[in-house]
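Here is how the chains run, residue by residue.
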Amino acid sequence: MSLRSRTDKVAPALDTLQVLVVACGKTYLAIPGAIVRGVVEFGEAVEARIVSLFGEACRVTDLAARLGLPPAALTPDMRIILCGEHRARQAWRVDRTLGLEDVDMQRITPLPPHFAGVEQSWFTGLFLFRDTVALLINPGWLLSQTMDAFVSQSLPDQTAAGGAGVLDQVAAAPAGGQQPSPARKRGRRKSSATVGGEAASLDVLENLVLEESADAEDGQTPWADA
Amino acid sequence: MLRTAKRHGQTPEAAKPWSLVMFSVGGKRVAVRAEEIGGVYPWTEAMPVPSLTPYVNAVVRQGEEILPVFDLARLLMVQVSRAEPLCLRAKRQDGLMAVCIDPDVPTLHQIDAQAVRTASAGSPGVVGMCSIGAEDVPIYSWAMFGPTPAQQVASRGELAVKM
């Protein structure tokens, strides 16, 4: 499945911003495409709690919960959005993806001043999207979240810490969930030591190692065409 | 002329009757000065916006326009009727807001300024009380919910630190 809504292969114009629109409940959020490094489908998404992105481990965090919304629902549409820029790495669990969108910069308006709290630093603006509205996430804020705690940690460090002890997102996933889509399975799973009598599915999927796609259509959004 | 008016504790503004729009939210009747109302439209579904601003936690789309939603129902601790609620466009200094109200069509009333009583303390947003028909109705002002200049400065400082 392609996330692209446009059919032509022309690079986005300079006055447009390419975003990946995702949903957290009824809230539509747009993540700047420049920081999106990959999208992981349901099979892994539901249970992975730490992913390794280009050699660096990062914890999977529920985006809705981080924003104070009801946490993501466990459905086959759930995804993990891998974000990164320079040394910052983040992995966010969302309810579903709605696709790539080239947004004319002139369509983006600031968050109304009535929102007078810290949310002004979460979103850089909003724009009309389909029959509703999408909020444009501030990439700086998104990538700065918990970065200090994870950017320097290696994968073995996290597994040695006991998994759940360093995680605030507990995946209450059904054992033996759906198999990951072969189309997305570019990475390999790294097996981790089974801890006590914990559910095997959690142990196996706790660490998901992802590698850069080699068959990308373009260099900007290699994750979009899988 | 002005000095005379001040001496008697009256201003030309105080002498004018108040034009009030009365409507209900979750069955509670409230009023707002007509100049603080920008119209009434059918309600369209709001999109929740993560927010730490009290009572402002959604936006609603009206055509090509996006309005922040002021949750008056939450303030009043009631629930708006789900059957075809209306959207009250509320005018505030920092821009229009949408307020979800009951389907009863708002009504316009002229109240003598002297009939407006002082609101009791502890009623946020209420600038006075008046009697409309047999009911005592609180008069709200959206401006009372806006950030004070001091809060605006503090908020900007907080954002600078967060960024």
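Above this text is the structure in question.
Worth saying up front: this structure is predicted, and the values here are computed from it rather than measured.

Draft legend 1. Geometry of the overall build of chain B. The helix and strand inventory of chain B stands at 4 helices and 11 strands. Counting all 163 residues of chain B, 28% fall into the buried class. Counting only contacts in chain B whose residues sit at least 6 apart along the sequence, the fraction spanning at least 24 positions is 50%.

Draft legend 2. Highlighting the overall build of chain A. Looking only at helices and strands, chain A has 7 helices and 12 strands in total. Split into buried and exposed, the 226 residues of chain A put 42% on the buried side. A separation threshold of at least 6 residues defines the contact pool for chain A, and within that pool the share at least 24 residues apart is 68%.

Draft legend 3. Region of interest: the sheet that holds strand β1 (residues 18-25) of chain B. All names here are of chain B. One open sheet holds the 5 strands; their spatial order is β9-β1-β2-β11-β10, and the pairing between them is mixed. Where the open sheet ends on each side, the last strands, each with one partner, are β9 (107-111) and β10 (126-132). This sheet shows a mean twist of 35° between the axes of neighbouring strands, independent of strand direction. In terms of strand pairing, β1 meets β9 through 5 bridges, oriented antiparallel.

Draft legend 4. Inspection of the pairing of strand β5 (residues 56-62) of chain B at higher detail. All names here are of chain B. By the criterion of burial, β5 is predominantly enclosed, with 6 of the 7 residues buried. Where strand β4 (residues 46-48) and β5 come together, 3 bridges link them in antiparallel fashion. By the bridge assignment for β5, Pro 48 is matched with Ala 58. In this structure, the hairpin formed by β5 and strand β6 (residues 65-70) is closed by a connection of 2 residues, where Gly 63 is found at a positive phi of approximately 65°.

Draft legend 5. Highlighting the interface of chain A and chain B. Each side of the interface is counted separately: chain A has 24 residues, and chain B has 22 residues. Listing elements by their share of the side of chain A that touches chain B, those giving two or more residues are β2 (27-32), α3 (119-122), β9 (123-129) and β10 (132-137) of chain A. Here the side of chain A that touches chain B gets 4 residues from one element, more than from any other, and that element is α3 of chain A. Residues of the side of chain A that touches chain B, tallied by class, amount to 13 nonpolar, 9 polar and 2 charged.

Draft legend 6. Structural detail: the nonpolar core. The biggest cluster of nonpolar side chains holds 86 residues, and the ones touching the most others in it are Ile 31, Ile 81 and Ala 134 of chain A together with Val 59 of chain B. If one sorts the elements of this core by residue count, strand β1 (residues 16-24) of chain A sits on top with 6 residues. Apart from the residues lying within four places of it in its own chain, the contact partners of Ala 134 of chain A are Val 21, Tyr 28, Leu 29, Ala 30, Leu 126, Phe 127 and Phe 129 of chain A.

Draft legend 7. Just unusual backbone geometry, in detail. Residues and elements named next belong to chain B. One non-glycine residue with positive phi stands out, namely Tyr 55, at about 70°. Structurally, Tyr 55 is set in the loop between β4 and β5. Phi at Glu 84 is positive, roughly 50°, even though this residue is not glycine. Residue Glu 84 is classed as exposed on the basis of its C-beta count, with 9 C-beta atoms lying within 10 Å.

Quick notes on the rules
- Residues numbered from 1 in each chain as written.
- Chains lettered and ligands numbered in written order.
- Predicted model: local features only at pLDDT ≥ 70, side-chain atom pairs only at ≥ 80, totals over all residues.
- Helix = DSSP H or I, 4+ residues; strand = E, 2+ residues; numbered from the N terminus.
- Buried ≥ 20, exposed ≤ 12 C-beta atoms within 10 Å, placed from the backbone.
- Contact = placed C-beta atoms within 7 Å.
- Pairing = 2+ DSSP bridges.
- Axes fitted to C-alpha atoms, helices over the stretch in contact; angles between N-to-C directions.
- Nonpolar A, V, L, I, M, F, W, Y, C, P; charged D, E, K, R; others polar.
- Core = buried A, V, L, I, M, F, W, Y, C linked by C-beta atoms within 7 Å.

Functional significance is not addressed by these values, which are geometric in nature.
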